[in-house]
Amino acid sequence: MCIRFVVNNDDLITGFNFDIDLTVWTHRVILEKDRFFIGILRPDGAYHSYHGVNRNGNAATLLYVHPARKAKRAAENAQTPAGAIQISDLTEQFIRGNLTFDEVSGLLEKKELIYAPDASMQALLSDASGRVMILEPGIGYRIERRRYSLLSNYSILEPASTKPFLVPGDDRYERAEKRLENADEQFSVEDALSLLHDVRQEGLWATRVSFVYSRNARTVTWVENNRFDQRKEYRFPSCEAAPDEGGVCDASERRPL
């Protein structure tokens, strides 16, 4: 269970709440010169970057969704059939900077988008110009550049396909949409963090990481385990406040919620 948004205004702001069951997934925040990402431990022993930001301004996130009727899943051995591409692989290559926005679009014109072998996911990709791509295996994809874009755990392109799976009381999308509809041209990192705080989850599927990326500042601000009073920042390529720490600095005292 997650939520992701992109806001186009004086700045390009993207926000993400990463909600998972810790009994199923192992994760950690990973900082590299060219990437900020939430690493997910996979059977190959590596932490994969399915949720993150590249210093080129590309950002992508995978969100759990109930499987679409026509969507195919990769085999248990994770081999991808000829003429297909796994949404997890596509997302990671975009975050790594190995694929541009236009190259992803070109691939989707030629290949069938399928789920990974162990999870049904949809994705939201965005670039530094504010373009957004919503990808839903078995349904299709859409490119847009709107004042804001928003995705949670239900289909945007074919809402009826996931309507039977609506969780009673889950109004995260509606509350986030209302905040974004009322956002002005000065929608900021602070506003984005406030929104993520408002739609955070607790319990088994609690929000484990929340991050906001600012294109103008080239900075990711993030918190873990809903501790919004304990923020950290990562600035591409480094954080001036802590150049000896790989670009990490504690922002909690300077930017209280």
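In what follows, the structure referred to is the one given above.
Definitions and limits used
Residues numbered from 1 in each chain as written. Predicted model: local features only at pLDDT ≥ 70, side-chain atom pairs only at ≥ 80, totals over all residues. Heavy atoms only, no water. Helix = DSSP H or I, 4+ residues; strand = E, 2+ residues; numbered from the N terminus. Rg over C-alpha atoms; globule rule 2.2 N^0.38 Å. Buried < 20%, exposed > 50% of the residue type's maximum accessible area, 1.4 Å probe, protein only. Contact = heavy atoms within 4.5 Å. Areas by Shrake-Rupley, 256 points an atom, 1.4 Å probe, with all protein chains shown as cover. Patch = residues over 30% accessible without salt bridge, like charges linked within 9 Å, V, L, I, M, F, W, Y side chains within 5 Å. Salt bridge = Lys/Arg side-chain N within 4 Å of Asp/Glu carboxyl O. Lys, Arg positive; Asp, Glu negative; His and termini not counted. Charge placed at Lys NZ, Arg CZ, Asp CG, Glu CD. Core = buried A, V, L, I, M, F, W, Y, C linked by side-chain atoms within 4.5 Å.

**Some thoughts on the overall build of the protein chain**
Thought 1: Scanning the protein chain from N- to C-terminus turns up 4 helices and 16 strands.
Thought 2: Here the protein chain has a C-alpha radius of gyration of 17 Å; the compact-globule value for 257 residues is 18 Å, and the two agree.
Thought 3: Along the longest, intermediate and shortest principal axes, the C-alpha atoms of the protein chain span 50 × 40 × 35 Å.
Thought 4: When burial is assessed residue by residue, the protein chain has 53% of its 257 residues classed as buried.
Thought 5: Put simply, of all contacts in the protein chain between residues at least 6 apart along the chain, 57% involve residues at least 24 apart.
Thought 6: Accessible surface, the protein chain: about 11,700 Å² in total, of which carbon and sulfur atoms supply 47%.

**Considering a negative patch on the surface**
Thought 1: Where like charges cluster on the molecular surface, the negative patch consists of Asp 10, Asp 184, Glu 185 and Asp 191.
Thought 2: With respect to the helices and strands, the residue Glu 185 is situated in the loop between helix H3 (172-181) and helix H4 (189-198).
Thought 3: Its relative accessible area of 40% is what places Glu 185 among the partly exposed residues.

**Here's the deal with the side chain of Asn 58**
Thought 1: As for its placement among the helices and strands, Asn 58 is situated in the loop between strand E5 (47-54) and strand E6 (59-64).
Thought 2: When its relative accessible area of 7% is taken as the criterion, Asn 58 is described as buried.
Thought 3: Non-local contacts of Asn 58, meaning those with residues more than four positions away in its chain, are made with Gly 52, Val 53, Phe 94, Leu 99, Ser 126 and Asp 127.

**Comments concerning the nonpolar core**
The nonpolar side chains of a soluble globular protein tend to be buried, and buried together.
Thought 1: Core analysis: the largest hydrophobic core is formed by 64 residues, its most contacted members being Phe 5, Val 104, Leu 135 and Phe 187.
Thought 2: Apart from residues lying up to four places away in sequence, Phe 187 is in contact with Phe 5, Val 7, Asn 9, Ile 13, Leu 180, Ala 192 and Leu 195.

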